[in-house]
Amino acid sequence: MAQLGGQPIFIMKEGTERTRGKDAMENNIAAAKVIAEAVRTSLGPRGMDKMLVDQFGDVVITNDGATILKEIDVQHPAAKMMVEVAKTQDSEVGDGTTTSVILAGELLKRAEKLLQQKIHPTVITEGFRKAADKAVEILDAMSIKSGIDDKKGLKNAAMTCMSSKIVVESKDKLADICIGAIEAVAEKDGNGKWVADIDKIQIQKKQGDMIDDTSLIKGIILDKEVVAPGMPKSIKDAKILLTQSAIEIEKTEFDAKLQITSPEQIQQFLDEEEKMLRDMAEKIVKSGANVVICQKGIDDMAQHFLARAGIMVVRRVKKSDLEKLSKATGGMILTNLDDAKPENLGYAGLVEERKVMNDSWVFIEECKNPKSVVILIRGGTELVIDEVERALHDALCVIRDVVEDQKIVGGGGAPELETAIQLREYASTLGGREQLAVEVFADSLDIIPKTLAENAGLDQIDVLMKLRAAHQKGYKFAGHDMETGEVVNNMMEVGVVEPTSVKIQAIKSSTEATCMILRIDDVIAGVKSAGPPGGGMPPGMGGMPPGMGGMGGMPPGMM
Ligand code: ADP
Ligand code: MG
């Protein structure tokens, strides 16, 4: 509101809340720190899990940073930006979400101290950006070459990624499954670069058995059963007919009245119907198909004819599955049975109905196109299976990252620590306030080895000193192996490996969010319009609650 000649001028709508300058910044930083704090204890192989309960009472148990933040309903705008950090990290590289959020929190915490020393936010953000660019260079330079042929590197990266999840006991087997899946879908693009699209890997989940029973199926799974008991349940060298249309007599679109005057006519009528179905079945038999997969229904009579011919039939298959099958088996999706010809059939080495818990599913394996794969996840409870799925997603992403980017580093906080050391050397060449900002950035990176140590119940300072000493001696991948509790000179040798791209992305996304938050000196929260009657917030309630708005709903145990 401004005053002009005694007349107040309203510039913003009444009720608009505005926080400015130092207050706005402190407020934002505090909210962002709360988010970082919330995920801190879940970092690393010794990190804890979180149990999240939503308003409907649904439970999620996870230690995946992105999932934790997705599940908690964050309202403060700066806190939301931290959630975005995790999301970006997840969508870009699929792992390192907790790392990036913790890093952003630490950068902000330390930036706050610089602000208190009256250093202008612009100086800080410029210094941070410079430091981040340099850090990326340093990480790139310390990386070891890897790629699709480096089986050991791929496997170690996948296992490291899963070592902080509940699947840790089965990580060896799951890593092999994920590598097999990625190898199946990986291909060279036009420029000779390897690309692996993880969307091509189908994930199926079924409660029961143990995580160890999770398997990789080279082919496709249909959660349907063979339609009639008389049909074969397993067919080798399957010639598959895929059809979109129903195998039954179509009902007329008009109301038709049929006047039957004698019993013979009924018989004639039925005979005609039978003949039509028999014709349809015959067309299928003649094509040489021994498996029929149909999107719609199949008449009982047709089923009977097909069963007699030893043909396996699956009906009411989803359109998307039919399309996948078409790609996998090379078969055409027919709309008319007149097209049932040998050249239009798909091929698979084995089509088999198997019992998975209480359901029967049809497995189509050894397909013509080996690029279609399914990971069938098993586990005791739904909560476990969901977390296994998240772990596998991370592992698949990590393998893809290594296949595409072809660079790895040792893990366990080693790359962050080494980058920090080299950044400090770089800072000394700068001078002035910029130097200060770059040094602060370097100090922030130490939060990763520190948090890993803390979560393992070790003394942070003690670990940091030991590690720094090793790094000074030139061991760039010296780290603390949380599984043995030892400081090792090369984390790669104990199999703790991470894709360089995950480390680089964590630095990029956390720096970006930090700089964005640091540049805000004015928060103007408009009045939220009233929601639909009955629901929504009453007018005037909107805007940003002062202080740590939004996070207040989280139980204290979550911190
Ligand atoms: P994020 O969401 O950031 O990936 P994680 O909980 O998966 O968080 O933890 C990843 C961190 O744990 C990485 O810094 C990784 O190097 C480290 N880590 C994994 N295995 C080990 C190990 N055996 N010893 C030490 N650190 C490890
Ligand atoms: Mg991880």
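Position numbers for residues start from 1 in each chain and track the written sequence from start to end. Each chain gets a letter, beginning with A, and each ligand a number, beginning with 1, in the order they are written. Side-chain atom pairs in this predicted model are given and counted only at pLDDT of 80 or more, local residue features only at pLDDT of at least 70, and totals for whole chains, interfaces and linings cover all residues. Side-chain metrics in this entry use all non-hydrogen atoms of the structure; hydrogen atoms and water are not considered.

With that settled, consider the overall build of the protein chain. Under the scheme used here, helices are H or I runs from DSSP no shorter than 4 residues and strands are E runs no shorter than 2 residues, and both carry numbers assigned from the N terminus. Secondary structure assignment for the protein chain yields 16 helices and 23 strands. What you see for the protein chain is a C-alpha radius of gyration of 31 Å, clearly larger than the 24 Å of a compact globule of 559 residues, by over 25%. Projected onto the principal axes, the alpha-carbon positions of the protein chain cover approximately 105 × 70 × 45 Å. Here the protein chain, with 559 residues, has 49% of them falling under the buried criterion. Within the protein chain, contacts between residues at least 6 apart in sequence are counted, and of these 74% link residues at least 24 apart. It is over C-alpha atoms that the radius of gyration is taken, and the globule rule equals 2.2 Å times the number of residues to the power 0.38. Buried means the residue's accessible area, taken with a 1.4 Å probe over protein chains only, is under 20% of the maximum for its type, while exposed means over 50%, and partly exposed covers the values in between. The contact criterion used is simple: two residues touch if any of their non-hydrogen atoms lie within 4.5 Å.

This part is about the domain arrangement of the protein chain. An automatic or database domain assignment is the source of the domain bounds shown. Each assigned domain of the protein chain is listed here: domain 1 (19-145 + 409-518), domain 2 (151-218 + 378-405) and domain 3 (220-369). Here domain 1 and domain 2 have C-alpha centroids that lie 25 Å from each other. A combined buried area of about 1700 Å² lies between domain 1 and domain 2, and 48% of that area is made up of carbon and sulfur atoms. The rule for a salt bridge is simple: a side-chain nitrogen of Lys or Arg has to be within 4 Å of a carboxyl oxygen of Asp or Glu. Applying the counting rule to domain 1 against domain 2 returns zero salt bridges. Here a polar contact is recorded for every N or O atom pair within 3.5 Å, except that within protein the pair must consist of a potential hydrogen donor and a potential acceptor, and residues adjacent in sequence are included only if both atoms are side-chain atoms. Scanning the region where domain 1 abuts domain 2 turns up two residue pairs in polar contact (both at pLDDT 80 or more). Note on terms: buried area is the combined drop in 1.4 Å-probe accessible area of two parts once they are placed together, counting the loss on both.

Turning next to the pattern of salt bridges. This structure, assessed with the given rule, holds 34 salt bridges. Linking Glu274 and Arg278 is a salt bridge whose minimum nitrogen-to-oxygen distance equals 2.9 Å. With Glu274 and Arg278 both in helix H8 (residues 263-287) and four residues apart, the pair spans about one turn of that helix. Among the residues examined, Glu274 registers a relative accessible area of 26% and is labelled partly exposed. With relative accessibility at 33%, the residue Arg278 sits in the partly exposed group. When the shortest N-O distance is used, the salt bridge between Arg424 and Asp446 registers 2.9 Å. You can see Arg424 sitting in helix H12 (residues 414-427) and its partner Asp446 sitting in the loop between helix H13 (432-445) and helix H14 (447-455), a full 22 residues away along the chain. Judged by its relative accessible area of 22%, Arg424 falls in the partly exposed class.

All right, on to the sheet that holds strand S9 (residues 201-207) then. Hydrogen bonds along the backbone pair up the strands of a sheet, which may run parallel or antiparallel. If you trace the three strands from one edge of the open sheet to the other, you get S9-S18-S10, paired in mixed fashion. On the outer flanks of this sheet lie S9 and strand S10 (215-217), each paired with one strand and no other. Adjacent strand axes in the sheet meet at a mean angle of 25°, parallel and antiparallel pairs treated alike. Any two strands are treated as partners once DSSP identifies two or more bridges connecting them. Strand direction decides the pairing type here: S10 and strand S18 (residues 373-379), joined by three bridges, are antiparallel. Counterpart to Ile217 in the pairing with S18 is Val374. Convention adopted: a line fitted to C-alpha atoms gives each axis, helices being fitted over their contacting stretch, and angles between N-to-C directions are expressed from 0 to 180 degrees.

Another aspect to go through is the nonpolar core. For this analysis, a nonpolar core means a set of buried residues of the types Ala, Val, Leu, Ile, Met, Phe, Trp, Tyr and Cys, connected via side-chain atoms within 4.5 Å. Val101, Phe128, Ile201, Leu423 and Phe441 are the most contacted members of the largest nonpolar core, which has 100 residues in total. Looking at this core, the element that brings in the most residues is helix H11 (residues 382-405), giving eleven residues. Counting 42 residues, the second-largest nonpolar core is a separate cluster that includes Ile235, Leu322, Val362 and Ile364.

This next bit is on the packing of helix H5 (residues 121-142) against H12. Two numbers describe how H5 lies on H12: the axes approach to 9 Å, and their chain directions differ by 125°. Relative to H12, the element H5 is oriented oblique. Like other packed secondary-structure pairs, H5 and H12 cross with a definite hand, here right-handed. The residues of H12 that touch H5, namely those facing Lys130, Ala131, Lys134, Ala135, Ile138, Leu139 and Met142, are Pro415, Glu418, Thr419, Gln422, Leu423 and Tyr426. Side-chain classes are defined by residue name, with Ala, Val, Leu, Ile, Met, Phe, Trp, Tyr, Cys and Pro counting as nonpolar, Asp, Glu, Lys and Arg as charged, and the others, Gly among them, as polar. Of the residues assigned to the contact of H5 with H12, the class counts are eight nonpolar, two polar and three charged. When describing relative orientation, an angle under 35 degrees is termed roughly parallel and one over 145 degrees roughly antiparallel, while 65 to 115 degrees is termed roughly perpendicular and anything else oblique. The hand of a helix crossing depends on one turn: near helix anticlockwise from the far one by less than a right angle means left-handed, and clockwise means right-handed.

The next subject is the site of ligand 1. Around ligand 1 sit 23 residues, and of these Asp95, Thr98, Thr99, Gly412 and Glu498 come closest. Reported accessibility uses the Shrake-Rupley method at a 1.4 Å probe radius. Residues are deemed covered only where the shown protein chains occlude them. For ligand 1, whose accessible area on its own is 570 Å², the fraction buried by protein is 98%. Grid spacing is 1 Å over the protein atoms alone, the probe is 1.4 Å, and a cavity is where that probe fits but cannot get out, while a pocket is an open set with protein on both sides within 12 Å along at least five of seven lines and lining residues have an atom within 4 Å of a point. Any molecule with more than half of its atoms within 2 Å of a cavity's or pocket's grid points is counted as sitting in it. In a pocket analysis with a 2 Å cut-off to the grid points, ligand 1 is assigned to the largest pocket. Looking at the shell around ligand 1, the element that brings in the most residues is helix H4 (residues 97-116), giving three residues. When the residues that make up the shell around ligand 1 are grouped by side-chain class, the tally is six nonpolar, twelve polar and five charged. Nearness of a residue to a molecule or strand requires only that one of the residue's heavy atoms be within 4 Å of it.

Turning our attention to the side chain of Glu365. Looking at where Glu365 falls in the secondary structure, it is placed in strand S17 (residues 359-367). Not counting the four nearest positions on each side in its chain, Glu365 is found in contact with Ile217, Lys218, Gly219, Ala348, Gly349, Leu350 and Arg354.

A word on H11. Given a helix with a known number of residues, its expected span is that number minus one, times 1.5 Å. With 24 residues, H11 extends 34 Å between its outermost C-alpha atoms, agreeing within 8% with the 34 Å of an ideal straight helix rising 1.5 Å per residue. Trailing H11 by a residue or two, Gln406 shows a phi angle of about 60°, which is positive.

On any regular strand, side chains alternate: one points to one face of the sheet, the next to the other face. Direction of pairing for strand S12 (residues 234-243) relative to strand S16 (residues 346-356): antiparallel, over a ladder of six bridges. Within S16, the position partnered with Ser234 by the bridge is Glu352. Looking at chain direction, S16 and S17 are connected through eight bridges and run antiparallel. Looking across to S17, one finds that Ala348 is bridged to Cys367. Where S16 hands over to S17, the hairpin turn is made up of two residues, of which Met357 adopts a positive phi near 55°.

On to the packing of aromatic side chains, then. Only Phe, Tyr and Trp rings take part, Trp by its six-membered ring, and two of them pair if their centres are within 6.5 Å. Stacked means planes under 30 degrees apart, edge-to-face means over 60, and tilted covers everything else. Evaluated as defined, the whole model comprises one aromatic pair. Between the aromatic rings of Phe128 and Phe441, the centroid separation amounts to 5.7 Å while the plane-to-plane angle is 65°, which identifies the pairing as edge-to-face. Of this pair, Phe128 sits in helix H5 while Phe441 sits in helix H13, and the two are 313 residues apart along the sequence. The residues Phe128 and Phe441 share a single accessibility class, namely buried. Whether a charge sits over a ring comes down to the Lys NZ or Arg CZ being within 6 Å of the ring centre and within 35 degrees of the ring normal. The side chain of Arg354 reaches across the aromatic face of Phe363, ending 4.5 Å from its centre.

Let us look at the sheet that holds strand S6 (residues 144-145). Across the sheet, which stays open at both edges, the three strands sit in the order S6-S19-S22 with antiparallel pairing between neighbours. The open sheet is flanked by S6 and strand S22 (497-499), the only strands paired with a single partner. Pairing between S6 and strand S19 (residues 407-410): two bridges, direction antiparallel. Counted as the bridge partner of Ile144 is Ile408 from S19. Packing against the sheet, helix H16 (residues 500-518) makes contact with S19 and S22, and its axis sits at approximately 65° to S22.

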